[in-house]
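Descriptive structure summary
Each chain, letter by letter, is given below.
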Amino acid sequence: MTQQQRNELAELLYPKATLTIQDVEKMFPKRTLPEGAKVTRMAPSPTGFVHFGNLFPALTSERLAHQSGGVMMLRIEDTDAKRAVDGAVEIIINSLKHYNIIFDEGATLGDDVGNYGPYYQSRRADIYQAFAKELIRKGQAYPCFCTEEDLEKIHSEQEAKKDNFGYYGKYAKHRDMSFEDIKKELDAGKPFALRFRSEGNLNNKIPFDDVVKGHLEVTENDIDHVLLKSDGIPTYHFAHAIDDHFMGTTHVIRGDEWLSTLPLHLQLFDALGFERLKYMHISPLMKIDGESKRKLSKRKDPEAALTFYTEMGYPVLAVIDYVMMLLNSNYEEWRIQNPAAPYTDFEFKAENMSVSGSLFDIVKLNDVSKNIVSTMTAEQVYDYVCEWSEQYDKDFYKLLISDKDYAVRIFNIGRGGEKPRKDLAVWSEAKAYMGFFYDDLYKITSSLPENISKEDAVTILESYKNIYTPGKTQEDWFGDITKLATDNGFAAKPKEYKKNPEMYKGHVGDVSMILRIAVSGRQNSPDMYEIMEILGKERVIQRIDNALKTL
RNA sequence: GGCCCGUUGGUCAAGCGGUUAAGACACCGCCCUUUCACGGCGGUAUCAGGAGUUCGAUUCUCCUACGGGUCACCA
């Protein structure tokens, strides 16, 4: 084909695309940012599902951009109309916002924000086509008239011959069509896709330095990938090259499933005359499934959905901390030294990122969460539990807001000080933890331990009713219980009992247990003294009476 | 199958030629303790295998095994 014909072909193929590359260059001036500022982006397709794994590149992008005085963009990759879901963009923005990931630029629920838009790829067709035409003129792209069936046939032929899959070499039948033949197909109204004319060779390796993975050696790409689909909309690869170039992205942060198409992307940047960008490929989050590991799956694993964490009531900061720990190996150490510092104080470094994929460990998440919750004030915990229950447990919510002071006092048990209680990991556990404080939820669910007779229990409860006086110091309060123990043949200290078990019915702990079961309805509870102080005399007596009837 | 990446205790991992191979979670034991939780102390447990380079390999090279990813007009 002559240069003349190629020029003509470009017009023939995309007659409506009048934008030139000079126009595009004028549309997107270079960014002026401080030295070292990173420009990152999140580029989801609008499928309406935000995966837990999406948090990894998202948080990485956010931290790197914002801690360097850079910019983080949201670009919607809606080039595949089949996959688009209504309301998906809203879900993406809101879910990420929930995890403190806020975009400086890009798609919003209203108008785009920023000077490098549109940030919806479906609205950038003319931009892509300007470059497509340029590639056609340079002989680096050509139309392919294969139908879906044609491509399937090629695929099965390759399967049979055990050849590599793809549109390349002898399988690329439209690669060298003459101008006249192309014209004939076009005149016949045949749809076409625009393919990249790859000069790559499988025998050549491309050395490449990934910011996370380090030095890699990838094989050149020899497949003539589709650049523009038959509807004139680009594939991801072509859009990625053009958008990230003109939007001024400095670091492309994405999952490492993209590593295999990296050679194509590099090729495209070269062909378009763009300077190559820095890439950070992040390993996927894995999950153990029987004997083997696999990617955390949207279909099989409920914890893959971001909504799972909201429903369970994981504190946002706990989830962020857990992700940060997996992302940067020294984050956990930093957190131990700075238990209450905001995570944004931590210096996030690409070189501390893990090269291989890690297993999702919900037990660890729970531990992280307990630590986070233990640093909160009672008031904060109250607010979070209210926020959660308003949505997921309305009855409990009503109880909580009916008397805020009461609830805050409950959450305050064991809180603050050097060694705070670490009991709550998720808000959904709150009800089981402290529900018994509310008469509606109080119920004796535990029977007496075997070593305590019913008679003793009755005697002790009856006597305690007469003794109990609120407002004492904890010391005096416990003195009463100790006396009750010794008066009834129980040892004052567990150690005395252990020394001479035959001399006693039990020890003071057993006496406490009787009261605990009566007052809280169960064998485990936070500090009894504080519980009684919060419940107040009337409720305590009521419950003892109830226990007397029930036991 | 081709191509690419990876492999330190059950999990997350530090390590970047010479270490008693950190730390955290989990587990077990002891201590503290009126229950639970917390906390303290201690313990079990790891360099996938094989060659090579080296005075010396967890660290470097190669091979094997295993695991993962990917091979669309999806992103």
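Just so you know, these numbers come straight off a predicted model, no measurement behind them.

Attention now goes to the pairing of strand S1 (residues 39-42). In S1, alternate side chains face the same way, and those of Val39 and Arg41 on one face and Thr40 and Met42 on the other are all buried. Handedness of the S1-helix H3 (residues 55-67)-strand S2 (residues 71-74) crossover: right-handed.

Around RNA strand B there are 62 residues in total, and Thr79, Lys229, Glu332, Lys364 and Lys422 lie nearest to it. Within the side chain of Arg83, an N or O atom sits 3.2 Å from a base oxygen of RNA strand B. In the environment of RNA strand B, a base nitrogen lies 2.7 Å from a nitrogen or oxygen atom belonging to the backbone of Ser525. Those elements that place two or more of their residues in the surface near RNA strand B are helix H6 (148-161), strand S5 (193-196), strand S7 (214-219), strand S12 (292-295), helix H13 (362-374), helix H19 (474-487), helix H20 (494-499) and helix H21 (508-520). Of the residues forming the surface near RNA strand B, the biggest block, four residues, is contributed by H21. Within the surface near RNA strand B, the residues separate by chemical class into 20 nonpolar, 18 polar and 24 charged.

In this section: the sheet that holds strand S3 (residues 105-106). In space, the three strands of this open sheet follow the order S1-S2-S3, with parallel pairing throughout. With partners counted over all chains shown, the strands left at the sheet margins are S1 and S3, one partner each. Against the sheet, H3 engages S1 and S2, with an angle of about 145° to S2.

Any two packed helices are characterised by the angle at which their axes cross and by the distance between the axes. For the pair helix H15 (residues 394-402) and helix H16 (residues 404-411), interaxial distance at closest approach is 5 Å and the crossing angle is 100°. Considering the angle they form, H15 stands roughly perpendicular to H16. Contacts between H15 and H16 pair Leu400, Ile401 and Ser402 from the former with Lys404, Ala407 and Phe411 from the latter. For the contact of H15 with H16, a count of residues per class yields four nonpolar, one polar and one charged.

Across soluble globular proteins, you tend to see nonpolar side chains buried next to one another. Core analysis: the largest hydrophobic core is formed by 164 residues, its most contacted members being Phe52, Leu55, Phe131, Phe238, Leu400 and Phe437. When residues no more than four places from it in sequence are discounted, the contact partners of Phe238 are Tyr128, Phe131, Ala132, Leu135, Leu227, Leu228, Leu268 and Leu272. Formed by nine residues, the second largest nonpolar core is a distinct cluster that contains Tyr167, Tyr168, Tyr171 and Ile223.

As a further point, take the sheet that holds strand S8 (residues 226-228). In spatial order, the strands read S4-S5-S8; together these three strands make up an open sheet with antiparallel pairing. Each of the sheet's edge strands pairs with one partner strand only, and the pair in question is strand S4 (141-144) and S8. Strand-to-strand twist in this sheet, taken as the mean axis angle between neighbours without regard to direction, amounts to 45°. With two bridges connecting them, S5 and S8 associate as antiparallel partners. Residue pairing across strands places Arg195 opposite Val226, the latter belonging to S8.

What follows deals with the environment of Ala88. Looking at the element boundaries, Ala88 is found in helix H4 (residues 88-98). The spatial distance from the C-alpha of Ala88 to the C-alpha of Asp476 is 61 Å, given a sequence separation of 388 residues. Setting aside its immediate chain neighbours within four residues, Ala88 contacts Pro46, Thr47 and Gly48.

Now for the packing of aromatic side chains. Evaluated as defined, the whole model comprises 29 aromatic pairs. Relative to Tyr171, the ring of Tyr168 lies with its centre 5.5 Å away and its plane at 65°, an arrangement referred to as edge-to-face. Of the residues examined, Tyr171 reaches a relative accessible area of 5% and is grouped as buried. One cation-aromatic arrangement involves Arg543 over Tyr442; the distance from NZ or CZ to the ring centre is 4.0 Å.

Of all residues in chain A, 100% attain a pLDDT of 70 or more, and the chain-wide mean is 94. The ipTM for the predicted assembly is 0.95, set against a pTM of 0.93.

It is worth spelling out the packing of helix H18 (residues 454-467) against H21 at this point. Interaxial distance between H18 and H21 falls to 10 Å at its minimum, and their mutual angle equals 75°. Judged by the angle between their axes, H18 and H21 are roughly perpendicular. Touching Ala457, Ile460, Leu461 and Tyr464 of H18 are Val511, Ile514, Leu515 and Ala518, all from H21. Grouping the constituent residues of the contact of H18 with H21 by class yields eight nonpolar, no polar and no charged.

One pass over the full model with this rule turns up 36 salt bridges. Glu332 is paired through a salt bridge with Lys364; the nearest N and O atoms lie 2.6 Å apart. Of this pair, Glu332 sits in helix H12 (residues 331-337) while Lys364 sits in helix H13, and the two are 32 residues apart along the sequence. The partner of Asp393 in a salt bridge is Lys431, and the shortest N-O contact between them spans 3.0 Å. With Asp393 in the loop between helix H14 (378-392) and H15 and Lys431 in helix H17 (residues 430-434), the pair connects residues that are 38 residues apart, well separated along the chain. Classification of Asp393 by relative accessible area gives buried; the value is 15%.

About the criteria used
- Residues numbered from 1 in each chain as written.
- Chains lettered and ligands numbered in written order.
- Predicted model: local features only at pLDDT ≥ 70, side-chain atom pairs only at ≥ 80, totals over all residues.
- Heavy atoms only, no water.
- Buried < 20%, exposed > 50% of the residue type's maximum accessible area, 1.4 Å probe, protein only.
- Helix = DSSP H or I, 4+ residues; strand = E, 2+ residues; numbered from the N terminus.
- Right-handed = clockwise from strand over helix to strand, strands pointing away.
- Near = heavy atom within 4 Å.
- Polar contact = N/O pair within 3.5 Å; in protein donor to acceptor, adjacent residues only side chain to side chain.
- Nonpolar A, V, L, I, M, F, W, Y, C, P; charged D, E, K, R; others polar.
- Pairing = 2+ DSSP bridges.
- Contact = heavy atoms within 4.5 Å.
- Axes fitted to C-alpha atoms, helices over the stretch in contact; angles between N-to-C directions.
- Parallel < 35°, antiparallel > 145°, perpendicular 65-115°, else oblique.
- Core = buried A, V, L, I, M, F, W, Y, C linked by side-chain atoms within 4.5 Å.
- Phe/Tyr/Trp six-rings, centres within 6.5 Å; stacked < 30°, edge-to-face > 60°.
- Lys NZ or Arg CZ within 6 Å of the ring centre and 35° of its normal.
- pLDDT = per-residue confidence, 0-100.
- Salt bridge = Lys/Arg side-chain N within 4 Å of Asp/Glu carboxyl O.

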